[in-house]
Amino acid sequence: MTFDDKGVTDSGIADLGQAGPDRDADPAGSQERIAAIRDRLMSPMPADGLWGWVGPLAVTAFAAILRFSRLSVPHAVDYDETDYVKDAWSILQHGVEWKPVANPAGYPLGQSNVNNLLLSGNTHIFAPCSGHSCGEAVVHPEVGKYLIAIGEWAFGLNPFGYRMASAVFGSLAILLMCRIARRLTRSTPLGCIAGLLLSLDGIEFVLSRTAILDIFLMFFVLAAFGAMLIDRDVSRSRLAQAVVLKPGDEAGPELGIRKWRVLAGLLIGLACAIKQDASWYIPAFIGLSITWDISARRAAGLRAPRRGGIVRDGKWLPLTLAVIPFGTYVVTWINWMVTHTGYHRDYARAHGVRTPVIEALYSLFKYHQATFAFDIHLRAQHPYMSQPWDWIVLSRPVSFYYTGYTDAAGTHPCPPTGCPPGPSWAQEVLPLGNPAIWWVSIPAMLFCLGWWLTRRHWRPGASLLGIIAGWLPWFLFLKRTPQFDYYSLEFLPFLVLCITLCLKLIIGPSRASPRRRAIGAAIAGIYVLAVLILFWYFYPILAGQIIPHSSWSDRMWYRGWI
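Residues numbered from 1 in each chain as written. Predicted model: local features only at pLDDT ≥ 70, side-chain atom pairs only at ≥ 80, totals over all residues. Heavy atoms only, no water.

Visitor: Provide a residue-level description of the packing of helix H8 (residues 188–199) against helix H22 (residues 514–542), including the pertinent values.
Guide: As a packed pair, H8 and H22 sit with axes 10 Å apart at the nearest point and diverge in direction by 20°. Viewed along their axes, H8 and H22 adopt a mutual orientation that is roughly parallel. Judged by the sense of rotation from one axis to the other, the crossing of H8 with H22 is left-handed. In this structure, H8 uses Ile193, Leu196, Leu197 and Ser199 to contact H22, whose residues at the interface are Tyr527, Val528, Val531 and Phe535. Here the residues of the contact of H8 with H22 are counted per class, giving seven nonpolar, one polar and no charged. (Axes fitted to C-alpha atoms, helices over the stretch in contact; angles between N-to-C directions. Helix = DSSP H or I, 4+ residues; strand = E, 2+ residues; numbered from the N terminus. Parallel < 35°, antiparallel > 145°, perpendicular 65-115°, else oblique. Left-handed = near helix turned anticlockwise from the far one by under 90°. Contact = heavy atoms within 4.5 Å. Nonpolar A, V, L, I, M, F, W, Y, C, P; charged D, E, K, R; others polar.)

Visitor: Kindly report on the pairing of strand E1 (residues 401–405), identifying the contributing residues and their values.
Guide: Burial of E1 is extensive: four of the five residues sit out of reach of the surface. The sheet contact formed by E1 and strand E2 (residues 425–429) spans five bridges and is antiparallel. What sits directly across from Tyr405, in E2, is Trp425. (Buried < 20%, exposed > 50% of the residue type's maximum accessible area, 1.4 Å probe, protein only. Pairing = 2+ DSSP bridges.)

Visitor: Give me the lowdown on the pattern of salt bridges, citing residues and values where you can.
Guide: Within this structure, the stated rule accounts for 21 salt bridges. A salt bridge links Asp231 to Arg261, with the nearest nitrogen and oxygen atoms 3.0 Å apart. One end of the pair, Asp231, is in helix H10 (residues 214–245); the other, Arg261, is in helix H11 (residues 259–272), with 30 residues separating them in the sequence. Within the structure, one salt-bridge network assembled from shared partners comprises Asp231, Arg258, Arg261, Asp293, Arg297 and Asp313. (Salt bridge = Lys/Arg side-chain N within 4 Å of Asp/Glu carboxyl O.)

Visitor: How would you summarise helix H14 (residues 317–331) if you had to cite specific residues and measurements?
Guide: An ideal rise of 1.5 Å per residue puts 21 Å on 15 residues; H14 measures up with 20 Å between its terminal C-alpha atoms. When the local axis directions of H14 are compared, the greatest deviation, roughly 30°, occurs at Val323, which is followed within four positions by the proline Pro325. Taken residue by residue, H14 has Leu317, Thr320, Leu321, Ile324, Pro325, Thr328, Tyr329 and Val330 as its buried positions. Those residues of H14 hidden inside the fold are in contact with H10, H11, helix H12 (281–299), helix H13 (305–313), helix H15 (334–338) and helix H17 (358–376). (Expected span 1.5 Å × (residues − 1). Bend = angle between axes of the 7 residues up to and from the residue.)

Visitor: I'd like a description of the sheet that holds E2, backed by residues and values.
Guide: The strand order across the open sheet formed by three strands is E1-E2-E3, and the pairing between neighbours is antiparallel. Strand pairing shows two members of the sheet lacking a second neighbour, E1 and strand E3 (546–548), which therefore form its edges. The sheet shows a mean angle of 25° between the axes of neighbouring strands, taken without regard to direction. Note: E2 against E3, three bridges, orientation antiparallel. Residue pairing across strands places Trp425 opposite Pro548, the latter belonging to E3. Contacts between H22 and the sheet are confined to E2 and E3, with E2 contributing the most and set at about 95° to the helix.

Visitor: Break down the state of the cysteines for me, with residues and values.
Guide: The tally for this structure, following the rule as stated, stands at two disulfides. Across the disulfide from Cys129 sits Cys134; the S-S distance is 1.5 Å. Between Cys129 and Cys134, the S-S dihedral sits near 70°, and the bridge is therefore right-handed. Of the residues examined, Cys129 reaches a relative accessible area of 25% and is grouped as partly exposed. Residue pairing for Cys414: its cysteine sulfur links by disulfide to Cys419, the two sulfurs lying 1.8 Å apart. Between Cys414 and Cys419, the S-S dihedral sits near 90°, and the bridge is therefore right-handed. According to the relative accessible area criterion, Cys419 is partly exposed, its value standing at 33%. For the protein chain, the bonded cysteines connect in the pattern 1-2, 3-4 when numbered consecutively along the sequence. (Disulfide = S-S within 2.5 Å.)

Visitor: So, the environment of Pro46: which residues are in play, and what are the values?
Guide: Its location among the elements puts Pro46 in the loop between helix H2 (27–41) and helix H3 (51–68). For the pair Pro46 and Ala462, spaced 416 residues apart in sequence, the C-alpha separation works out to 20 Å. Ignoring sequence-local partners within four residues, the contact set of Pro46 consists of Arg182, Arg186, Ser187 and Thr188.

Visitor: Tell me about the side chain of Asp293, and name the residues and values.
Guide: Along the chain, Asp293 turns up in helix H12. Setting aside residues up to four positions removed in sequence, Asp293 forms contacts with Arg258, Arg261, Gly309 and Asp313.

Visitor: Tell me about the confidence of the model for the protein chain, residues and numbers included.
Guide: Taken over all residues, the pLDDT of the protein chain has a mean of 91, while the share at 70 or more is 94%. Counted against residues more than four places away or in other chains, residues 1–24, with its pLDDT under 50, gives 57 contacts. (pLDDT = per-residue confidence, 0-100.)

Visitor: Which residues make up a nonpolar patch on the surface, and what values go with them?
Guide: A surface patch of nonpolar side chains, about 520 Å² in accessible area, is lined by Phe62, Leu529, Leu532, Ile533 and Trp536. Per-element tally for the nonpolar patch: the top contributor is H22, with four residues. (Patch = residues over 30% accessible without salt bridge, like charges linked within 9 Å, V, L, I, M, F, W, Y side chains within 5 Å. Areas by Shrake-Rupley, 256 points an atom, 1.4 Å probe, with all protein chains shown as cover.)

Visitor: Lay out unusual backbone geometry in plain terms, naming residues and giving numbers.
Guide: Between Val73 and Pro74 the backbone carries a cis peptide bond, its omega angle lying at 0°. Mapped onto the fold, Pro74 is located in the loop between H3 and helix H4 (81–94). The backbone phi angle of Arg70 is positive, close to 60°, even though this residue is not glycine. The backbone of Arg186 shows a phi angle near 60°, a positive value even though the residue is not glycine. Inspection of the secondary structure puts Arg186 in the loop between helix H7 (159–185) and H8.

Visitor: Let's hear about the side chain of Glu359: which residues, and what values?
Guide: Tracing the sequence through the fold places Glu359 in helix H17. For Glu359, a relative accessible area of 5% translates into the label buried. Setting aside chain neighbours within four positions, we find Glu359 in contact with Arg345, Ala348, Arg349, Val353 and Arg354.

Encoded structure:
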């Protein structure tokens, strides 16, 4: 026995899928049967028209104002911006990542020296290149750096320029969250709540204001999931029509290549081209697709749903969710392949491979071999390193920027040995997750797991799968160090979806009594208010405001936050 959108079983509806000549001759009756099957396959979307966009756009505007306000603060190169800001500028100038400028003795300058050069307005931060051995060794692919480079091209090599793309994509992620949660819950208010929760999380907020790759990774993973959701609805609507108008055998009709799955493949390929971590979502989405297709054919009354889902629908999955993501990933390296100054670019020629195209692809393959080996076997210590189980409880966030001052205006920094006795002030950028989201997500996940195990409901199952694909793989590489708390941004939207699904149950169904709904809505409202208050409370250490050291200390609830 299985459950679908409305929690109804598939028994008693098999006859709806039986079509024959007498039915084909009855168009009105056919439309009724199509509507009946469609009603079994999927719940209707909210009929709120324009408001389905007005609400999400209003939440997105609120998020964008927060993210773009004081975007240039601090005037510094925060944490891993030291890598990606320069890589992006090098791609903009030279097509690939080059080594930084050298000192008179010929040795590369330290990161801080190069950072000081670019912050002073000097854009000549790369060593001259004679055509060989110019490339800087990098681990992560190109797309995220391309996006950062767009901001630098438009606004220059300055804090606003190199953070602009992060702010844009961090804000657009809120719009995606609203619309995806709306489709998942079939409720525009709940979709807006989900977007608001994501906009008020400290990790999403800080990484939307920092020129590193994780905000782009999260955006494209979330967008790919959204495309999968749309495909689920569109394909079920098509299946309902095909079962009646084009009846086949017990496995059901073919639906062919589905454009929303093609888009999902492109988007997850782009996510992999930002960080290869996204590749774990490919098998997750393939499994989700097969499960949804089998469920749809079973609910439509077809007697061989597994054969239909695995063979007739599944035969296109290697193309849409394997070949297309892989092809997209390779194409994003085109700059590296057409130039000859990138790191490891001349490997093939040096080893006797000179066939055009093959030579570039072989060098790219060997480059990836080297970087994967480095990444997997990396053993390094870092003061802010953490393990995956730390992330969910926020035990060790990474300080992106910290400076102490002896004055409230921030004009007199404390010496490296520390601030002298007396009043002092602090300025920090700490990507600290909102405790009301992260800590509440723990019981929300457990509830959704029980919900899925007992009812096999697809909504909590899909949300949990997004968490598993983004979080569980890190447990396989515990010896790989360092790992950092903000890696969890990749699966944060799915935590928010779990919380939103729980809020939906708390508010209650539309058929519930007004008193029941009012109490549920009040509880949900109090929770959202708590999230907002905590965001406001931690805002100074999220946005790099200069505050008295005592106020900063009050916000350090745990030793691990220092």
